[in-house]
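Residue strings, one per chain:
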Amino acid sequence: MSFKASAPGSLMLLGEYAVLHRKQALVCAIDKRITVTLTPRLDKKIYLESSLGSYQTTLDHLKRVPPFQFVLATLAALKKYLKVGCDIKIESEFSATVGFASSAAVTVATLSALSAWLEMSFSDVELIMLARKIVHRVQGLGSGADVAACVMGGIVLYRTKPMLAEKLPHAHPITVVYSGSKTPTVTAVKQVTENFSAYPKLFKQLCRTIHYCTTEGVAAILAEDWRKLGELMNIQQGLMDSLGVNTPILGEIINTLRAQKTVFGAKISGAGLGDCVVGLGEGFFATQANGAQQMQAQITNHGVSCEKI
């Protein structure tokens, strides 16, 4: 018997950087998933396989080795409950380079498969908190907003502390464009921290204003006022510019999408300095020589799931 779990990728609609400082954010799950199939073994060996390669170790020698560091860290987190090893196959509908929060998705999917195997029951909040702890342990930071979207699906209102993860009842078509390059979140956050080291009060005020965009965004979603939500996304993009995380290609993508009548707003999704732009509405962006290209992705209501096979 095997356990097959899958979790969606995600995008940030509002709240970047502020969410790292106990402010609220809006994050959405997308219909591109990572699937983890776990098959128990009779010995203590661990075999990992994905399109990125393969790796083998044992329960007694679990170390966080790229590109499987999140899966291995998840196994280590539940190691005391494991009597035997397992084979784990990882399949993804998107590349780890495109900014769809693959680390959160693979962590949540692995946790779901492990908990089904071990007959452990986690609530959504418990799963979010455990997965958030694992991701933070591997990369040193992370709000867990992407984890919340992976677990719950849909659009999620999220805050780290006091913990808040609330699924909102509505969604809208989006347009997603990958910029052609990716800067690790840790690197982007470090750059912003350094840039504002002499202006801590100004940085706090920027985070408060981003938080206000999020709270207004929640009201817009509840009222299904998508034009207002798009305007708020545009406003927060101006704040992202102030943080110094825009690039010429990101700016070009944003302006191209905003010029289309069917798109209400567009902004960077995530830490910036690369990754994706998310537009609210159905837009179009032609592939460019630098690798910028439109990605086929929409908001999904389907969070993490697991089945025995």
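Further up the page is the structure itself.
Conventions adopted
- Residues numbered from 1 in each chain as written.
- Predicted model: local features only at pLDDT ≥ 70, side-chain atom pairs only at ≥ 80, totals over all residues.
- Heavy atoms only, no water.
- Helix = DSSP H or I, 4+ residues; strand = E, 2+ residues; numbered from the N terminus.
- Buried < 20%, exposed > 50% of the residue type's maximum accessible area, 1.4 Å probe, protein only.
- Lys, Arg positive; Asp, Glu negative; His and termini not counted.
- Salt bridge = Lys/Arg side-chain N within 4 Å of Asp/Glu carboxyl O.
- Contact = heavy atoms within 4.5 Å.
- Pairing = 2+ DSSP bridges.
- Axes fitted to C-alpha atoms, helices over the stretch in contact; angles between N-to-C directions.
- 1 Å grid on protein atoms, 1.4 Å probe; cavity = no way out; pocket = protein on both sides within 12 Å on 5 of 7 lines; lining within 4 Å.
- Points joined across faces, edges and corners; volume = space filled by probe spheres on them.
- Nonpolar A, V, L, I, M, F, W, Y, C, P; charged D, E, K, R; others polar.

Among the structural elements, R132 can be located in helix 3 (residues 124–139). Although R132 is buried, it forms no salt bridge, and the closest oppositely charged side chain is D146 at an N-O distance of 9.0 Å. Among residues more than four places away in sequence, those in contact with R132 are G142, S143, G144, V147, Y158, T160 and M163.

A few words now on the pattern of salt bridges. For the structure on display, the rule yields six salt bridges. A salt bridge links D87 to R41, with the nearest nitrogen and oxygen atoms 3.0 Å apart. Taken together, the residues span a long stretch of sequence, with D87 in strand 5 (residues 86–92) and R41 in the loop between strand 2 (25–40) and strand 3 (45–50) at a distance of 46 residues.

Turning our eyes to something else, we now look at the sheet that holds strand 10 (residues 276–281). Judged by pairing direction, the sheet is antiparallel, and its four strands sit side by side in the order 9-10-8-11 without closing on themselves. The sheet is open, and its two edges are formed by strand 9 (263–269) and strand 11 (293–295), each paired on a single side. Looking at each pair of strands side by side, their axes are set apart by 25 degrees on average, direction ignored. Bridge analysis of strand 8 (residues 174–178) against strand 10 gives five bridges, and the strand direction is antiparallel. Following the sheet pairing, Y178 is matched in strand 10 by C276. In the packing of helix 7 (residues 226–243) onto the sheet, the strands contacted are strand 9 and strand 10, and the crossing angle to strand 9 comes to about 35 degrees.

Take the layout of surface pockets next. Put simply, the largest pocket is a space of about 1,100 Å³. A101, S102, S103, Q139 and K182 are, among the 50 residues lining the largest pocket, the residues nearest its centre. Contributions of two or more residues to the lining of the largest pocket are made by strand 1 (3–14), helix 1 (69–77), strand 5, helix 2 (102–117), helix 3, helix 4 (145–152) and helix 5 (185–195). Along the lines of polarity and charge, the residues of the lining of the largest pocket split into 26 nonpolar, 18 polar and six charged. When its volume is computed, the second largest pocket comes out at roughly 160 Å³.

This part covers the environment of M12. For M12, the position within the fold is in strand 1. On the accessibility criterion, M12 (12% relative accessible area) is buried. The spatial distance from the C-alpha of M12 to the C-alpha of D146 is 7.7 Å, given a sequence separation of 134 residues. Beyond its immediate sequence surroundings of up to four residues, M12 is in contact with V19, A25, L26, V27, A145, K267, I268, S269, G270 and V278.

Everything listed here is a matter of coordinates, which is why it stays silent on function.
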